[in-house]
Amino acid sequence: MGANPTYLLHDGELVPYADARLHVLSTSTKYGVGVFEGFRAYLDDESGELYAFRVADHMRRLVASMRVVGIDGPEDTGRLEEQLLGLIRANDLHEDLHMRAQVFVDSPDGKPDDTGPATVFMAAIPMGRYFDRPGLNVQISSWARISDRSMPPRVKSIANYQNGRLALLEARRNGYDAALLPTVDGHVSEGAGYNVFMVRDGQLCTPPVTESILEGITRDSVLQLARTELGVEVTERPIDRTELYSAEEVFVCGSAAEVSPVSSVDRIPVADGEPGELTRQLQDLYRRAVRNRVAADRGWAQPVYAPAAVR
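Residues numbered from 1 in each chain as written. Predicted model: local features only at pLDDT ≥ 70, side-chain atom pairs only at ≥ 80, totals over all residues. Heavy atoms only, no water.

A. Looking closely at the packing of aromatic side chains. For the structure on display, the rule yields 7 aromatic pairs. Pairing Y130 with F131 gives two aromatic rings, centres 4.8 Å apart and planes at 70 degrees, and the pair type is edge-to-face. Under the relative-accessibility criterion, F131 is labelled buried at 4%. Here the aromatic residues F53, Y286 and W300 are joined through ring pairs into a cluster of three or more. The residue whose ring lies beneath R267 is Y176, and the NZ or CZ to ring-centre distance is 4.1 Å. The lysine or arginine in question, R298, covers the ring of W300, its NZ or CZ lying 4.8 Å from the ring centre. (Phe/Tyr/Trp six-rings, centres within 6.5 Å; stacked < 30°, edge-to-face > 60°. Buried < 20%, exposed > 50% of the residue type's maximum accessible area, 1.4 Å probe, protein only. Lys NZ or Arg CZ within 6 Å of the ring centre and 35° of its normal.)

B. Inspection of the sheet that holds strand β3 (residues 34-43) at higher detail. Across the sheet, 7 strands lie side by side as β2-β1-β6-β5-β3-β4-β16; this open sheet has antiparallel pairing. The strands lining the two open edges of the sheet, one partner per strand, are β2 (13-16) and β16 (301-303). With strand direction ignored, the average angle separating the axes of adjacent strands in the sheet is 30 degrees. Relative to strand β6 (residues 118-126), strand β1 (residues 7-10) runs antiparallel, the two being bridged by 2 bridges. The residue bridging H10 from the neighbouring strand is F121, located in β6. (Pairing = 2+ DSSP bridges. Helix = DSSP H or I, 4+ residues; strand = E, 2+ residues; numbered from the N terminus. Axes fitted to C-alpha atoms, helices over the stretch in contact; angles between N-to-C directions.)

C. Quick look at the environment of A167. Within the secondary structure, A167 is located in helix α4 (residues 161-173). A167 gets classed as buried once you look at its relative accessible area, which sits at 0%. With near-sequence residues (within four places) excluded, A167 lies in contact with S141, W143, A179 and L181. (Contact = heavy atoms within 4.5 Å.)

D. The arrangement of the side chain of T119 in detail. Examined against the element boundaries, T119 turns out to sit in strand β6. A residue is classified by how much of its surface remains accessible, and T119, at 3% relative accessible area, is buried. Of note is the side chain of T119, whose polar atom sits 2.7 Å from the side chain of H10. Dropping the residues within four chain positions of it, T119 is found in contact with H10, D11, L22, Q102, V103, F104 and D106. (Polar contact = N/O pair within 3.5 Å; in protein donor to acceptor, adjacent residues only side chain to side chain.)

E. Region of interest: the pattern of salt bridges. For the coordinates displayed, the defined rule picks out 25 salt bridges. The partner of E46 in a salt bridge is R293, and the shortest N-O contact between them spans 3.8 Å. Taken together, the positions of E46 in the loop between β3 and β4 (50-53) and R293 in the loop between α7 (277-289) and β16 put the pair 247 residues apart, joining distant regions of the chain. What makes E46 exposed here is its relative accessible area of 67%. Taken together, the salt bridges that share partners define one network made up of R54, D57, R60 and D220. (Salt bridge = Lys/Arg side-chain N within 4 Å of Asp/Glu carboxyl O.)

F. Structural detail: the nonpolar core. In terms of nonpolar packing, the biggest core is built from 28 residues, with M59, I88, L97, M99 and M122 touching the most fellow members. Secondary structure elements with two or more residues in this core: β3, β4, α2 (55-69), α3 (77-90), β5 (97-105) and β6. When sequence neighbours within four positions are dropped, the list of residues in contact with L97 reads F39, R40, A41, L50, I88, A124, I125, P126 and M127. (Core = buried A, V, L, I, M, F, W, Y, C linked by side-chain atoms within 4.5 Å.)

G. Highlighting the packing of α2 against α3. In the contact formed by α2 and α3, the axes pass within 9 Å of each other and the chain directions differ by 125 degrees. By the criterion of interaxial angle, the relationship of α2 to α3 is oblique. Taken as a pair, α2 and α3 cross one another with a handedness that is right-handed. Counting all contacts with α2, which are made through V55, A56, M59, R60, L62 and V63, the residues of α3 involved are T77, L80, E81 and L84. Of the residues in the contact of α2 with α3, the class split is 7 nonpolar, 1 polar and 2 charged. (Parallel < 35°, antiparallel > 145°, perpendicular 65-115°, else oblique. Left-handed = near helix turned anticlockwise from the far one by under 90°. Nonpolar A, V, L, I, M, F, W, Y, C, P; charged D, E, K, R; others polar.)

Printed below as a string of structure tokens:
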């Protein structure tokens, strides 16, 4: 992370970084009621433009998350998108960023069944690579991924992240870089904040959305890039833990994680432990897509400072 920005956004209004606060007795702080989105923006060195990646899709998921967990918050995704881009411009940021939009229930002395009033905070903070190593050593966690019978795993509810946090703490204690969580049935679900793909017998595979995963926007980007740019079909199917041990390639992906190769699973090297050819191709495609070099026809990369972006 870089230095703190000058401003954050609170319900559409710029506030100094230190003044963005939520009361300790709000429903959100007492009961973990809140949803969020994590976004990235990337500076293109050639053009000098800053591109925010798939902001409209993130805002649509934010609204969907509010509906699922029961928060009466704003639903105008276009307005939310413009507020986020305006926050970046107000801070005059011209480097790779991690952005965040968070919706809380800010009721006084809140009750667990409160659905409002909702308050929205947004942040845009300089950020480089989340994983600063060429390959990750991951552990299959002893913690199971939450299921749709207990919590809604497909949305970005703040409470859900305790599940991945526990898995990550366990992995770090055991000397690993990252964690993958199984479903309650023992299939591979996702990582502690990232989706997972593997190449096995030459076939690119990933768990389907019914395996307790977050319906990741980076995951969707990888699926589309593989199919349309590389002509590679992706099979969405349940994956067993031991399949990862014999896979030719494994990688994880997410807004923060981007596309990150996995070197080993439970101390068992993935092939020769080096990033595989398809993983490297998708890494390169993704890095170009977020800078509007392969995604112009999709409208994924939104220019922040170009005249067309300032509406």
